[in-house]
Amino acid sequence: RKVEVGSNKKKKMKERKQQRNTQDNSRNSSGDDKNKEKATGSKAVTFSKVLILSIEVLLIVFAVGLTSSQIYLRYYSAPSPPHIPSTSSNVQFTSNSNFNSNSKFDFNQKALNRYSSSSLQLLTPSQLSLFRGQTPSTPIYLAILGLIYDVSSGASHYSPSSSYHSFTGQDSSLAFLDPSASSGPDPSDLSSISLLEYLSLLHWIDFYATHEEYKLVGKVVGRYYDENGEMTEEMERVSRELEVARRMKEKKEEGERKYVGCNVCVWRRWMSRIGIRI
């Protein structure tokens, strides 16, 4: 009996060991499967991240290339403007210009053609200073390059309590480039400005000359027009500088329209070849 009992115990112990071994093997196999799944999933996530990152890099490179090519074609491939003399030198025009260096040229003529000369007033600077909208019945006058405009309809901008009131009642040609000049000794003096500043002044001259509500009412007697309403030598000089600035602006805009448009067409054709339509 003792021998039988001992053999039975050994058998049971072997069976238990076998069961434990099978359980351990199953656990190990399941763990290996889970590890394989995790590894596979992490590889898929890593691949997708790398793919997205590479696409973003390609898009950034494409955008930088497009921008740099536009900058190159606009500023380097475009035809350079003709030589522009400085404001201190005598302006020389080519033979195909509409006027020559000895002819009289009033840059304000386009604005003056819209009104009858008989309807325009000739005001001295002291007379012009009375029209600043001090009372509701007083009109508000503003002058630029010797021409006086009635800006009463824009009282919200030019009334005594508004930001542009310092521009009224005087020729504020220089103040449009440097607002602090409106309180200076002579805000109409343009003798010290550069050609680039003349380009900025062009905007304001055209703004008032073509405004539907601001009407031309007269000329300022002084720097740009004499007591007979005729332009002075200073007006001739400034007119020539403004004409040079205007032609340079037109040349630049023409080059931008031509070369930037061609640049876009090139990119469209290139993108269509790889199957992308813009």
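Not measured: the values here are computed from a predicted model.

Remarks on the overall build of the protein
Argument step 1. When helices and strands are tallied, the protein shows six helices and four strands.
Argument step 2. Counting the 278 residues in the protein, one finds 31% classified as buried.
Argument step 3. For the protein, long-range pairs separated by at least 24 residues make up 68% of all intrachain contacts whose partners lie at least 6 apart in sequence.
Argument step 4. Of the roughly 18800 Å² of accessible surface on the protein, a fraction of 55% belongs to carbon and sulfur atoms.

Here we look at the pattern of salt bridges
Argument step 1. Tallied over the full model, the rule gives six salt bridges.
Argument step 2. When the shortest N-O distance is used, the salt bridge between Arg237 and Glu234 registers 2.8 Å. One end of the pair is Arg237 and the other is Glu234, both in helix H6 (residues 233-273) and three residues apart, which spans about a single turn.
Argument step 3. When the shortest N-O distance is used, the salt bridge between Glu243 and Arg247 registers 3.0 Å. Of this pair, Glu243 and Arg247 both sit in helix H6, four residues apart, roughly one helical turn.
Argument step 4. Where salt bridges share partners, they join Glu243, Arg246, Arg247 and Glu250 into one cluster.

Structural notes on the packing of aromatic side chains
Argument step 1. Tallying each qualifying case throughout the model produces 12 aromatic pairs.
Argument step 2. Plain terms: the ring middles of Phe207 and Tyr214 are 6.4 Å apart, the flat faces sit at 70° to each other, and that makes the pair edge-to-face.
Argument step 3. Residue classification places Tyr214 among the buried residues on the basis of a relative accessible area of 6%.
Argument step 4. Among the aromatic side chains, those forming a connected cluster through ring pairs are Tyr149, Tyr158, Tyr164, Phe167, Phe176, Trp204, Phe207, Tyr208 and Tyr214.

Some thoughts on unusual backbone geometry
Argument step 1. Positive phi values are uncommon outside glycine, yet Leu145 reaches one of about 55°.
Argument step 2. As for its placement among the helices and strands, Leu145 is situated in the loop between strand E2 (141-144) and strand E3 (147-150).

Describing the confidence of the model for the protein
Argument step 1. Overall, the predicted model of the protein reaches an average pLDDT of 75, with 66% of residues at or above 70.
Argument step 2. The least confident element of the protein, judged by mean pLDDT, is helix H1 (residues 2-77) at 68; the most confident is E2 at 94.
Argument step 3. Confidence drops under pLDDT 50 across residues 75-102; counting only partners more than four residues distant or on other chains, this segment forms 38 contacts.

Analysis parameters
Residues numbered from 1 in each chain as written. Predicted model: local features only at pLDDT ≥ 70, side-chain atom pairs only at ≥ 80, totals over all residues. Heavy atoms only, no water. Helix = DSSP H or I, 4+ residues; strand = E, 2+ residues; numbered from the N terminus. Buried < 20%, exposed > 50% of the residue type's maximum accessible area, 1.4 Å probe, protein only. Contact = heavy atoms within 4.5 Å. Areas by Shrake-Rupley, 256 points an atom, 1.4 Å probe, with all protein chains shown as cover. Salt bridge = Lys/Arg side-chain N within 4 Å of Asp/Glu carboxyl O. Phe/Tyr/Trp six-rings, centres within 6.5 Å; stacked < 30°, edge-to-face > 60°. pLDDT = per-residue confidence, 0-100.

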